[in-house]
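Listed below, chain by chain, are the residues.
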Amino acid sequence: MRKALTLLLVVLLSFSLFSFGVSAADVYITPSATINGETVTMTATGLKDTYTDFDLSIVSASGHVYAMWFEDGGTFSFDKDVTLTKLYYDSTFKLTGMDSVLVKAGEVVDVAQGVYSETKGEIVSWSEFSVTLDDGNSWTIIYSGDAGNYAAFPPTIPLADFPGTVAEGTPAAPTEEPAPTEEPAPAEEPAPAEEPAPTEEPAPAAAEDAVVAVTISVAGNVVAPAVPVVVSDLNADGMLDVDETLKCAHDQLYEGGAEAGYASSFGDWGLSLDMLWGDTSYAFGYYVNNAMAWSLADAVQAGDSVYAFVYTDKEFYSDAYAYFDTTDAVAEDGTLTLTLYSASWDENWNPVFGPFAGATITMDGAATEYVTDENGQVTVSFDKAGSYLLSADGGDVILVPAICKMTAAKAATAEEEPAPEPQPEPEKEGQTYYTVQEGDTLRSISKMFYGTIFKWRLIYEANYDSMVGPDMIYVGQVLLIP
C-alpha cells in the first residue's frame, strides 16, 4: 500500500463533542506517529465523536487501523498534497483491488461526494480511504452513509481516547516575522551579490540488493519452491517491494526472464499484476511472510518470503492459501513433524488462519499415507536419505500449495544405513564435475565457476534428471558443471 504523509488533524465541529466537555469548540488532534517524520494538517467538519480501532493481528498482520467516521455533509482538506488509498470489495467482502487518489493541498473534499481518481479519471465513491503511519498503524476515513466493509465495525470508542493528543482550540497559525526596518543605504554602496540558486535535493539512494525467498505456483503446481532470489531496487526509490521481487524472480528463474513471463501496470486499482509465470488470466494472489499483501507496492526486506500464485479456481477464486510452520527443514533422524495452516473467513468476512485437518501430504508431487490431524499436525518418515519437496492436498478444499523443502540426513530406521557409494566420475574428457559441500547452493557454485550467481540455471538444467528443484542439492552430490 502506497505510503502517504500524515497527520495533524484539525477538527472544526458545529455540534457537541467528546465526553470531556468540548462543546461547539474547535479542537485539534495530533496522532502519535507521522509519515517519514513530516506532519500534514487536515481541516475537517462533520466528524463523529467516536472512532473504530481495528486490530490487524486477526489477519496475520500487525498494527491497528483507526477509522474516523464522517457524517453527511462532512468535509476535509490538507495543507499539503496527500495520497490516499481506496479499497474495493466484492459482494462477499473479499478484497478485490485498490486505487490510489491524490488530494491536493487546499482541495476541499466532500466525503459524501467522493474524490477524484487520477487512474480512473473520475470521481470514485468515498469508503475506506486510508493512509499509513510511520509506526505501521493506519488512519482510515469513513463516510457513515457508505461504510463499506466497516459496516460490521461501527464506531464505539470516544475520540478523546484516540492515541495521540486531543485538545481544545485550533493550532495557532504561524506568526509572520515583522519586516525589518529599512536602514538608509550608505553612500555609493555596491550592489549586493546575487545569492546562489538553491541546490536541488538529492534523489533518494537506491536500496541495497537483498535475498528474498520466492515461491510461485500455477494452478496448484509449484514452479519455484522458496527459491532464494536476489532482489534489486529497480526503480531506485530507496525501497524494495513485491513488484520488484517478482520481476527479479522471473529474470532469474523464468525462461526468457521477466520480459517473457511477468508484467505489471498501473490501472484502475493502482499497481496491478498482469502476467505471472506466463499466465495472463488475472486470477492472481500474493502474500508476504504468509500475510495477505495489500499491493504490489508493499515493502519487502532481506529474509522475507514472497508467495505469488495463479488460482486453480478461476471462476469463484475458492483456493485457500496454506502454509507449513516451516519451509526449510532437516530431518536428522529421518522423521519430520509439520503443522499445516490455511486461510478462511470469520463471521465478519475477515481472513483468519487456523490448523487444517485431513490434508494428504505429498512428497515430490506424489501422495503419501500421511494425513494432518485435527491440530493440522503430521509426522512424516523417510525411507532413505536425500532431499524432498513436501506439499499438501486438501481434498474437497483447493489449497494453494504449502511447501516445505526438507533434507533427510538418514532413513527413519533403527539400523544405520551404509553410506552411499560415491558417484563415479564420468569418462568423458573435457567435462568438469563438482561435489557439493556443506553450505553450497547452486548460486554459490555458479559464482565459484563463472564469477556470477546468475548462471546457476545452467548447472540446474545440466543436472535436471538428478534434481528435485532448483535449490534442492545435498552434501556429496556430484554435479556436472557445463
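Not measured: the values here are computed from a predicted model.

Rules of the game
- Residues numbered from 1 in each chain as written.
- Predicted model: local features only at pLDDT ≥ 70, side-chain atom pairs only at ≥ 80, totals over all residues.
- Heavy atoms only, no water.
- pLDDT = per-residue confidence, 0-100.
- Helix = DSSP H or I, 4+ residues; strand = E, 2+ residues; numbered from the N terminus.
- Contact = heavy atoms within 4.5 Å.
- Expected span 1.5 Å × (residues − 1).
- Buried < 20%, exposed > 50% of the residue type's maximum accessible area, 1.4 Å probe, protein only.
- Polar contact = N/O pair within 3.5 Å; in protein donor to acceptor, adjacent residues only side chain to side chain.
- Pairing = 2+ DSSP bridges.
- Axes fitted to C-alpha atoms, helices over the stretch in contact; angles between N-to-C directions.
- Phe/Tyr/Trp six-rings, centres within 6.5 Å; stacked < 30°, edge-to-face > 60°.

Further remarks concern the confidence of the model for the chain. Low pLDDT marks stretches whose predicted atomic positions should not be read closely. Confidence in the prediction for the chain averages 78 pLDDT; 75% of positions are at 70 or higher. Looking across the chain, the model is least confident in strand 1 (residues 8-11), with a mean pLDDT of 34, and most confident in strand 20 (residues 305-310), with 96. Confidence drops under pLDDT 50 across residues 1-25; counting only partners more than four residues distant or on other chains, this segment forms 97 contacts.

Right, let's get into helix 1 (residues 242-253). The end-to-end C-alpha distance of helix 1 is 16 Å, a good match for the 16 Å that 12 residues give at a rise of 1.5 Å each. Among all positions of helix 1, only Val242, Asp243, Glu244, Thr245, Leu246, Cys248, Ala249, His250, Gln252 and Leu253 are buried. Its side-chain oxygen 3.2 Å from the backbone nitrogen of Asp243, Asp241 forms the N-cap of helix 1.

Here we take up the sheet that holds strand 15 (residues 221-231). Here we have five strands laid out as an open sheet, ordered 15-14-20-18-19, and mixed in their pairing. Among the strands making up the open sheet, the edge pair consists of strand 15 and strand 19 (291-292). For strand 18 (residues 284-288) and strand 20, the ladder comprises five bridges, and the chain directions are antiparallel. Opposite Tyr286, over in strand 20, you have Ala308 as the bridge partner. In the packing of helix 1 onto the sheet, contacts are made with strand 14 (210-218), strand 15, strand 18 and strand 20, and the angle to strand 15 comes to roughly 105°.

Glancing now at the sheet that holds strand 25 (residues 360-363). The strand order across the open sheet built from five strands is 22-30-28-25-26, with neighbouring strands paired in mixed fashion. Across the chains shown, the open sheet's two edge strands, defined by having one partner strand only, are strand 22 (328-331) and strand 26 (366-371). Taken pair by pair, the neighbouring strands of this sheet meet at an average axis angle of 35°, ignoring direction. The pairing of strand 25 with strand 28 (residues 386-393) spans four bridges and is antiparallel. Across the sheet, Ile361 pairs through a bridge with Ala392, a residue of strand 28.

With that settled, consider the side chain of Asn463. Inspection of the secondary structure puts Asn463 in the loop between helix 4 (456-462) and strand 32 (478-481). Looking at Asn463, its side chain comes within polar contact range of the main-chain oxygen of Ile459, at 2.7 Å. Separated by 2.8 Å, the side chain of Asn463 and the backbone nitrogen of Leu480 make a polar contact. Asn463 has contacts with Val478, Leu479 and Leu480, leaving out every residue within four places of it along the chain.

Turning our attention to unusual backbone geometry. Even without glycine at this site, Asn289 takes up a positive phi of about 55°. Its location among the elements puts Asn289 in the loop between strand 18 and strand 19. Phi angles above zero are rare outside glycine, and Tyr317 is one such case at about 50°. Relative to the helices and strands, Tyr317 is located in the loop between strand 20 and strand 21 (320-324). The class of Tyr317 is partly exposed, set by a relative accessible area of 34%.

The subject of this paragraph is the pairing of strand 4 (residues 64-78). Walk down a regular strand and you will see the side chains alternate between the two sheet faces. Inspection of the sheet shows strand 3 (residues 41-55) paired to strand 4 by 10 bridges, in the antiparallel sense. Bridge pairing links Asp55 to His64 in strand 4. Of the strand pairs in this sheet, strand 4 and strand 11 (residues 138-143) are connected by six bridges, and their pairing is parallel. Each bridged residue has a counterpart across the sheet, and for Trp69 the counterpart in strand 11 is Ile142. Both strand 4 and strand 7 (residues 109-110) contribute to a ladder of two bridges, which runs antiparallel. Residue Thr75 lies in a different strand from strand 7, and its bridge partner there is Asp110.

This part covers the environment of Val478. Residue placement: Val478 occurs in strand 32. Val478 gets classed as buried once you look at its relative accessible area, which sits at 13%. The spacing of Val478 and Tyr433 is 45 residues in sequence and 6.5 Å in space, taken between C-alpha atoms.

A few words on the packing of aromatic side chains. Overall, the coordinates contain 19 aromatic pairs when judged by the stated rule. Ring geometry for Tyr254 and Trp277: centres 4.9 Å apart, planes at 75°, overall edge-to-face. Taken together, the residues Tyr254 in the loop between helix 1 and helix 2 (257-261) and Trp277 in the loop between strand 17 (270-275) and strand 18 connect sequence positions 23 residues apart. Overall, Trp277 belongs to the buried group, its relative accessible area being 18%. Through a chain of ring-to-ring contacts, the aromatic side chains of Tyr287, Tyr307, Phe309, Tyr311, Tyr317, Tyr321, Tyr323, Tyr341 and Phe353 assemble into a single cluster.

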